[in-house]
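Structure assessment
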Amino acid sequence: MKFFSIVASMLIVSSTFATDLIQSAKDFGLEPLPQSQKEIDDALKNIGIKSGKFTKEKAELGKKLYFEPRLSKSGIISCNTCHNLGLGGTDGVSAAVGHGWKENPHHLNSPTVYNSIFNTTQFWDGRSSTLADQAKGPIENPVEMATPANLAVEKIASLPQYVDEFKKIYGKEGVTFDNIADSIAMFERTLITPSRYDKFLRGDKKALSKAEQDGLKLFIDKGCATCHNGINLGGSMQTFDLAKKYKFANLGDFKGDVNGMVKTPTLRNITLTAPYFHNGAIWSIEEAIKTMGSLQLGIEITDEETKSIKTFLESLTGEMPQVTYPMFPASTQKTPQPDFSF
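Computed from a predicted model, the values in this text were never measured in an experiment.

Parameters at a glance
Residues numbered from 1 in each chain as written. Predicted model: local features only at pLDDT ≥ 70, side-chain atom pairs only at ≥ 80, totals over all residues. Heavy atoms only, no water. Phe/Tyr/Trp six-rings, centres within 6.5 Å; stacked < 30°, edge-to-face > 60°. Helix = DSSP H or I, 4+ residues; strand = E, 2+ residues; numbered from the N terminus. Buried < 20%, exposed > 50% of the residue type's maximum accessible area, 1.4 Å probe, protein only. Lys NZ or Arg CZ within 6 Å of the ring centre and 35° of its normal. Expected span 1.5 Å × (residues − 1). Contact = heavy atoms within 4.5 Å. Core = buried A, V, L, I, M, F, W, Y, C linked by side-chain atoms within 4.5 Å. UniProt positions renumbered as here; feature names shortened; annotations may be inferred. Domains from an automatic or database assignment. Buried area = accessible area lost by both parts, 1.4 Å probe. Salt bridge = Lys/Arg side-chain N within 4 Å of Asp/Glu carboxyl O. Polar contact = N/O pair within 3.5 Å; in protein donor to acceptor, adjacent residues only side chain to side chain. Nonpolar A, V, L, I, M, F, W, Y, C, P; charged D, E, K, R; others polar.

Here we come to the packing of aromatic side chains. Summed over all chains, the structure comprises twelve aromatic pairs. Aromatic side chains F166 and Y170 sit 5.8 Å apart centroid to centroid with 25° between the ring planes, which places their arrangement in the stacked category. Taken together, the residues span about one helical turn, with F166 and Y170 both in helix α7 (residues 160-170) at a distance of four residues. Given a relative accessible area of 0%, F166 falls into the buried group. Assessed through its relative accessible area of 13%, Y170 is described here as buried. When the ring of Y325 is compared with that of F328, the centres are 6.0 Å apart and the planes differ by 75°; the resulting orientation is edge-to-face. Pairwise contacts between aromatic rings join Y66, F67, F187, Y325 and F328 into one cluster. In this structure, R127 packs its charged tip against the face of F123, placed 3.7 Å from the ring centre. Taking the ring centre of F17 as reference, the NZ or CZ of K210 above it sits at 4.8 Å.

To continue, consider helix α12 (residues 303-314). The end-to-end C-alpha separation of α12 is 16 Å, in line with the 16 Å expected for twelve residues at 1.5 Å each. Buried residues in α12 make contact with α9 (196-201), α10 (210-221) and α11 (285-297).

Turning our eyes to something else, we now look at the nonpolar core. Here is a general trend for soluble globular proteins: nonpolar side chains tend to be buried in one another's company. Ranked by size, the top nonpolar core spans 39 residues in total, and within it L30, F200, L216, F219 and L313 carry the most contacts. Among the secondary structure elements, those contributing two or more residues to this core are α1 (2-27), α9, α10, α11 and α12. In this structure L216 touches L21, L30, F200, L208 and F312, once residues within four positions along its chain are discounted. With 27 residues, the next largest nonpolar core counts A135, M145, V175 and A181 among its residues.

Bringing unusual backbone geometry into the picture now. Cis geometry is found at the peptide bond from A274 to P275, where omega equals 5°. Turning to its location among the elements, P275 is positioned in the loop between β4 (261-263) and α11. Positive phi outside glycine occurs at W101, with the angle close to 60°. On the secondary structure map, W101 appears in the loop between β1 (97-98) and β2 (102-103).

The next subject is the side chain of T130. Along the chain, T130 turns up in the loop between β2 and α5 (131-140). Judged by its relative accessible area of 17%, T130 is buried. Not counting residues up to four positions away in its chain, the partners in contact with T130 are K50 and Q122.

The UniProt record annotates "domain: Cytochrome c" (unreviewed entry) at residues 57-167 and 210-317. In residues 57-167, helix accounts for 38% and strand for 4%; the two terminal C-alpha atoms are 12 Å from one another. Helix and strand shares over residues 210-317 are 34% and 6% respectively, and the end C-alpha atoms of the span are 17 Å apart.

This part covers the UniProt feature "binding site: heme c 1" (unreviewed entry) in the protein. According to UniProt, the feature "binding site: heme c 1" (unreviewed entry) maps to C79, C82, H83 and H99 in the numbering used here. Summarising the element assignment, H83 is placed in the loop between α4 (79-82) and β1. Excluding residues that lie within four positions of it along the chain, H83 makes contacts with Y66, G89, T90, S110, P111 and V113. Tracing the sequence through the fold places H99 in the loop between β1 and β2. Ignoring any residue separated from it by four or fewer positions in sequence, one finds H99 in contact with K73, S74, I77, P142, V143, E144, A146, D339 and F342.

Moving on to the domain arrangement of the protein. Splitting the protein by domain gives domain 1 (39-189) and domain 2 (194-315). Domain 1 and domain 2 are separated by 26 Å when their C-alpha centres are compared. Listed per partner, the contact involves 26 residues of domain 1 and 28 residues of domain 2. Here domain 1 meets domain 2 over a buried area of about 2,000 Å², counting both sides, of which 59% is carbon and sulfur. Linking domain 1 to domain 2 there are zero salt bridges. At the junction of domain 1 and domain 2, the tally comes to nine residue pairs in polar contact (both at pLDDT 80 or more). When its residues are assigned to classes, the side of domain 1 that touches domain 2 shows ten nonpolar, 15 polar and one charged.

Shown next as structure tokens:
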């Protein structure tokens, strides 16, 4: 009987710890992923993010355009090139590679597209506030897809199948650059990755192991949740290297926005998205954790603490949506030909 009493006491303590931890996480602004497009709408309103009206038809069209290489000047680069859905929504290299097989001139790393709808700001310098606006940037950027807006419209409008789809969805407006970006953003709204962590925040105390719960508590106690909070555990603008200078600060010329602030990357699926930081200089999650402690918090995180926090971060790896690669309409005589004049 004494044995069972001890076990019962341990279970009560464990349950109380989990209950307190869930409340603590919520107090620090940590929130679970919405579970439907309706819940996404509600969540976006609560955090002040604008989004067009979601429909499945828009998302399906946007999926085609997300993978559509003819939106690039060369005809070989798509959104998926740098935000590969099979690689955690990133490209797995330190600096993005774009038109002319050249790396980003600022040595900027491609952030993940998964769950990006919940970022309160887009791009490392926060210059866009919506996914639709963000989608336009890489298409037009001469070092990424290198396609001016009018050429992007000309390419898509040269394909009758696309023209018909745009008319059905957007009416008389049809194929416009705004509608191209809007449909891509609608597809990206579907790229959410629910995890056991979300179940835990919703009250399932057994969704995370004791070791993962310990890691979450340490994550909060150390101050990591000060910047990595909200639905996406990141996605807002924060001051970088607040307590100490980043040792790879001179890799690339990126210095943040006009105030020196940098978008905090999401920690969801973080173990799938190396290398880390805006210039992709760090490949080890352990080094990234210790670097953040030093740069942002002005503390030393021990090996044991690092292991514990990493254990929690691993629980943020979510269930990836099943995406079927689309078949594209055939080019026509009116379709502008690929341009390799690098």
